[in-house]
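Here is what each chain is made of, one letter per residue.
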Amino acid sequence: MDFTAGKLSNEHKEQLRCASENADPLTVSALQISPKSPRSPKSPKSPKSPRSPGDRHSKHGSDRGSPLKHKKSSHSPRDGRPKKGGCGGKGTWGGLMDTDDVHAIDPNDPNYTSSEDTERTSTKDMVAAFEEYKKKAIILVEEYFQNDDITSTANELIELGMSCYDFYFIKKLVSMAMDRHDKEKDMAAVLLSALYAEVIKPQQVYKGFRKLLESADDFIVDIPDAIDILALFIARAVVDDILPPAFLAKANSSLPKDSKGIEVIKRAEKSYLSAPLHAEIIERRWGGSKNKTVEDVKDKINNLLIEYVVSGEKNEACRCINDLNMRFFHHEIVKRAIIMAMETQQAESRVLDLLKKTTEEGLINSSQLSKGFNRIIDNIDDLSLDIPNARMIFQSIISKGASEGWLCISSLKSLSTQLEKQEIDEKLVKEFKLKAQSMIKEYFLSGDIEEVSRILESENSSCLAELNAIFVKKLITLAMDRKNREKEMASVLLSSVCFPADDVVNGFVMLIEAADDTALDIPIVVEDLAMFLARAEVDEVLTPQHMEEIGSQFFEPNSIGNKVVLMAKSLLKGRLSGERILRCWGGGGSSTNGWAIDDVKDKIRKLLEEFESGGDAKEAYRCIKDLGMPFFHHEVVKKSLVIIIEKKSERLWGFLKECFSMGLITMYQMTKGFARVAESLDDLALDVPDAEKQFKVYVERAEAEGWLDSTFSFNRLGHNSMENGFC
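Every chain is numbered independently, its residues counted from 1 as its sequence is written. Reporting in this predicted model follows two pLDDT cut-offs: at least 70 for local features of residues, and 80 or more for side-chain atom pairs to be given and counted; totals over whole chains, interfaces and linings ignore these cut-offs and use all residues. Values shown for side chains rest on all heavy atoms present in the structure; no hydrogens or waters enter the calculation.

As recorded in an unreviewed UniProt entry, the chain goes by MI domain-containing protein and comes from Solanum pinnatisectum. Quoted verbatim from the Sequence similarities (unreviewed entry) heading of the UniProt record, the comment on the chain is "Belongs to the PDCD4 family." UniProt positions are given in the numbering used here, feature names are shortened, and annotations may be inferred rather than shown by experiment. In its Subcellular location (unreviewed entry) section, UniProt records this for the chain: "Cytoplasm".

Here's what the structure looks like:
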């Protein structure tokens, strides 16, 4: 070959081009072409050939900062000659068996598209940014453990400007604390609570703890007690209200069954979150707040409220509440604030303003707010001894809170005026028990619910709570000793007689207390009681809050009561739990035996279409009632909303409004129906392009009507939140 000044002649160039075009792609690896030089590289056998600028790799070259490949440039004057075997030298063709697809892109390549270069560059930038974030996160955690400065750490985390990677900060903070002393563990928990929402988004916290659970198998290699420590971190996060309790159930269903993450979840639930006074125990486990006692905190709460009522400084009061750093104890603030408002009329407006501000800003969450109000409801009779008009004043406070939108009435217990507990002599109780037993046996034969209701009304004309509870106990006890038919009839009767929920709760408590004796005749008493309890919640005889109330009276881990409640909760957590529990004894609620869910959905669709096309509203209401499936009314809401969005039907919107005002569809079912539509918006948008826009409008209208629970948020159910696994 004739080389002149290191260049190929035109003839040889043409030969080289033809050879490269005819080469078998299976026997020759890809050419390494510099993006800065569209020309083919010089032969590796001509070291004198000049290199293009793109082939010079130095510390300022194109590989700077790449986390995937660290290339070291040689300072030798020699060019990169092929290594033994004919591959690996700089500027060479590569080895015969090389399959690495990492090569530069030639803009002159006929198959080149501009998106390739953009995507490759974008991916490299993202990886490099994440690697940089990792390094800085480790430094931030180390500095925090040294100086214990929450404000400085928060500011530096904000300055990083990469909030999409904050889940890694959560993971690194906890994992580094796990391998240190209790002091650092408590510091990490305090920092998480302080950064939550304001600095680190809830979705990132959720994702960070998911990553920790997924890495539990790795942690245990270096940290023998990693399962217990990580379980305590998760329990602490739930207590501090930075993780929803539902996190445990969702993580449990998605993790591999043989992973250590499952053990962590079980330990968090059974050893920590199920224990009595678990919040205080968890908060002090690593020595946090060791100088605080409950009485000290109560005194501080009392002082800050007195000072606020005098000064009216809401911002200062909020700061003091935040400085307490005891989110799980905020219900005490609510309780004491309301009592202060009830005692002093002049303090009422300021107290309500403070409660409104703290709830709207998320300083006091809805759970703690409801708990505080419910504690007042439980003690309203005692308060009436010191405050004559306590009940009336408290009812006024509830009404004001609901009208201003910061209090959800549906989360509160009933405040209806109840007769004082009357002493019932043993003779009356014995007579009622005999009559109740006879009445129930006759019902099992006849199935006449109306007759039972009539007799109950005549026998218990004073509506004594104790007699109602005795009837509940007797009904379920007799049913448990019989076949599935009688068990189904007992559940149907329980949902039909409309006893006050508190009387039903007392009936179940009496059943559980007598379970040891019942077990002598009915070995599977725990399973049966759990199913009856779960069925009562599905039929909306009881609420989840009542379930917690029953469980709070049987907190010993090995007690029958604890086992019953835990089993009932487990049944309710399952997929399609409502439908399964409803058919646990072969029934469907009332006259719907044998119905499949698809049949019910079809009936709902037909009755709505018939009503929308001009049918009778009363007939539609009757059809919904006749379904006998109150737990499934969210399907009525969902299908109505779909038709409303597709046809813009105001007639159906009025139908939903009337169903809600009648109490036919509860707030819980209404909220669940809206949530179901939010989850299926992508599919709905295929037929109705502006479905999401319309849905937002209807959500606003529903909120204005007071249909939706305060916990509902369309944004929270949206795609971005769901992608991170947050709910």
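## Description of the packing of aromatic side chains
Pairing of aromatic rings covers Phe, Tyr and Trp, the last through its six-membered ring, and needs centres within 6.5 Å; plane angles under 30 degrees mean stacked, over 60 mean edge-to-face, and all others mean tilted. Overall, the coordinates contain 16 aromatic pairs when judged by the stated rule. A ring pair is formed by Phe130 and Tyr165, whose centres lie 4.9 Å apart and whose planes are at 40°; its orientation type is tilted. Taken together, the residues Phe130 in helix α2 (residues 114-147) and Tyr165 in the loop between α3 (150-160) and α4 (166-178) connect sequence positions 35 residues apart. To sort residues, take the accessible area from a 1.4 Å probe on protein chains only and compare it with the maximum for the residue type: under 20% means buried, over 50% means exposed, and anything in between is partly exposed. What makes Tyr165 buried here is its relative accessible area of 14%. On the basis of an interplanar angle of 35° and a centroid distance of 6.2 Å, the ring pair of Phe130 and Phe167 is categorised as tilted. Residue Phe130 is found in helix α2, and its partner Phe167 is found in helix α4; the two are separated by 37 residues along the sequence. The exposure class assigned to Phe167 is buried, which follows from its relative accessible area of 12%. By way of ring pairs, the aromatic residues Phe130, Tyr133, Tyr165, Phe167 and Tyr168 are connected into one cluster. Runs of H or I in DSSP of at least four residues are treated as helices and runs of E of at least two as strands, each being numbered from the N terminus.

## Some details on helix α33 (residues 667-679)
Helix span is expected to be 1.5 Å times the residue number reduced by one. Taking 1.5 Å as the rise per residue, α33 with 13 residues should run 18 Å; its terminal C-alpha atoms sit 18 Å apart, in good agreement. Among all positions in α33, only Met667, Gln669, Met670, Thr671, Gly673, Phe674, Ala675, Val677 and Ala678 are buried. Whether two residues touch is decided by their heavy atoms; if any such pair falls within 4.5 Å, the residues are in contact. If you follow the buried residues of α33, they end up packed against α31 (633-647), α32 (650-662), α34 (681-687) and α35 (691-705). Whenever a nitrogen or oxygen atom comes within 3.5 Å of another N or O atom, the pair is scored as a polar contact, on the condition that within protein one atom can donate a hydrogen and the other can accept it, and that pairs from neighbouring residues in sequence are kept only if both atoms are in side chains. Between a side-chain oxygen at the N-terminus of α33 and the backbone nitrogen of Gln669 the separation is 3.2 Å; the capping residue is Thr666.

## Re unusual backbone geometry
One non-glycine residue with positive phi stands out, namely Asp148, at about 55°. Mapped onto the elements of the fold, Asp148 is located in the loop between α2 and α3. You can call Asp148 partly exposed: its relative accessible area is 44%.

## Points about the packing of helix α14 (residues 330-343) against helix α18 (residues 390-404)
Angles shown run from 0 to 180 degrees and are taken between the N-to-C directions of axes, each axis being a line fitted to C-alpha atoms and, for helices, limited to the stretch in contact. At a minimum axis distance of 10 Å, the contact between α14 and α18 shows a crossing angle of 120°. The angle between α14 and α18 places the two elements in the oblique class. Of the two elements, α14 crosses α18, and the hand of that crossing is right-handed. Facing Ile338, Ala341 and Met342 of α14, the residues of α18 in contact are Ala390, Ile393, Phe394 and Ile397. Each residue receives one of three labels: charged for Asp, Glu, Lys and Arg, nonpolar for Ala, Val, Leu, Ile, Met, Phe, Trp, Tyr, Cys and Pro, and polar for the others, Gly being one of them. Here the contact of α14 with α18 is built from residues that sort into 7 nonpolar, no polar and no charged. When describing relative orientation, an angle under 35 degrees is termed roughly parallel and one over 145 degrees roughly antiparallel, while 65 to 115 degrees is termed roughly perpendicular and anything else oblique. When the near helix sits turned anticlockwise from the far one by under a right angle, the crossing is termed left-handed; a clockwise turn instead gives a right-handed crossing.

## A word on the state of the cysteines
Note on terminology: disulfide describes a covalent bond linking the sulfur atoms of two cysteines. Here, the term disulfide refers to a pair of cysteine sulfur atoms separated by no more than 2.5 Å. A complete count under the given rule lists 0 disulfides for this structure. With no disulfide of its own, Cys320 lies closest to Cys318 among cysteine sulfurs, the gap being 9.3 Å.

## Some thoughts on the packing of helix α13 (residues 314-324) against helix α15 (residues 345-360)
It is at 11 Å that the axes of α13 and α15 come closest, and there the two elements cross at 60°. Judged by the angle between their axes, α13 and α15 are oblique. Read as a crossing pair, α13 and α15 show a hand that is right-handed. Of the residues in α15, those in contact with Lys314, Asn315, Ala317, Cys318 and Ile321 of α13 are Asp353, Leu354, Lys357 and Thr358. Classifying every residue of the contact of α13 with α15 by side-chain character gives 4 nonpolar, 2 polar and 3 charged.

## A closer look at the nonpolar core
The criterion is simple. A nonpolar core is a set of buried Ala, Val, Leu, Ile, Met, Phe, Trp, Tyr and Cys residues joined through side-chain atoms within 4.5 Å. If you look at the biggest cluster of nonpolar residues, it comprises 64 residues, and the most contacted ones within it are Phe169, Phe209, Leu230 and Ile234. Among the elements that line this core, the one with the most residues is helix α8 (residues 226-239), at 12 residues. Discounting chain neighbours no more than four positions away, the residues touching Phe209 are Ile170, Leu192, Phe233, Ile234, Ala237, Leu243 and Phe247. Within the second largest apolar cluster, 53 residues are counted, among which are Val429, Met439, Ile440 and Met547.

## Quick look at the side chain of Glu486
Checked against the element boundaries, Glu486 lands in helix α22 (residues 484-496). Among the polar contacts listed, one links the side chain of Glu486 to the side chain of Arg485, at a separation of 3.3 Å.

## Observations regarding empty space enclosed by the protein
Computed over the protein atoms alone on a 1 Å grid, cavities are sets of points where a 1.4 Å probe fits but cannot get out and pockets are open sets with protein on both sides within 12 Å along at least five of seven lines; a residue lines them when it has an atom within 4 Å of a point. Grid points are joined across faces, edges and corners, and a volume is the space filled by probe spheres set on the points. Applying the stated criterion across every chain, the model contains 2 cavities of 30 Å³ or more. For the largest cavity, the calculated volume is near 50 Å³. Lining the largest cavity we find Met439, Glu442, Tyr443, Ser446, Asp448, Glu451, Val452 and Ile455. For the lining of the largest cavity, the elements supplying multiple residues, two or more each, are α19 (426-446) and α20 (449-459). Looking at side-chain class alone, the lining of the largest cavity contains 4 nonpolar, 1 polar and 3 charged residues.

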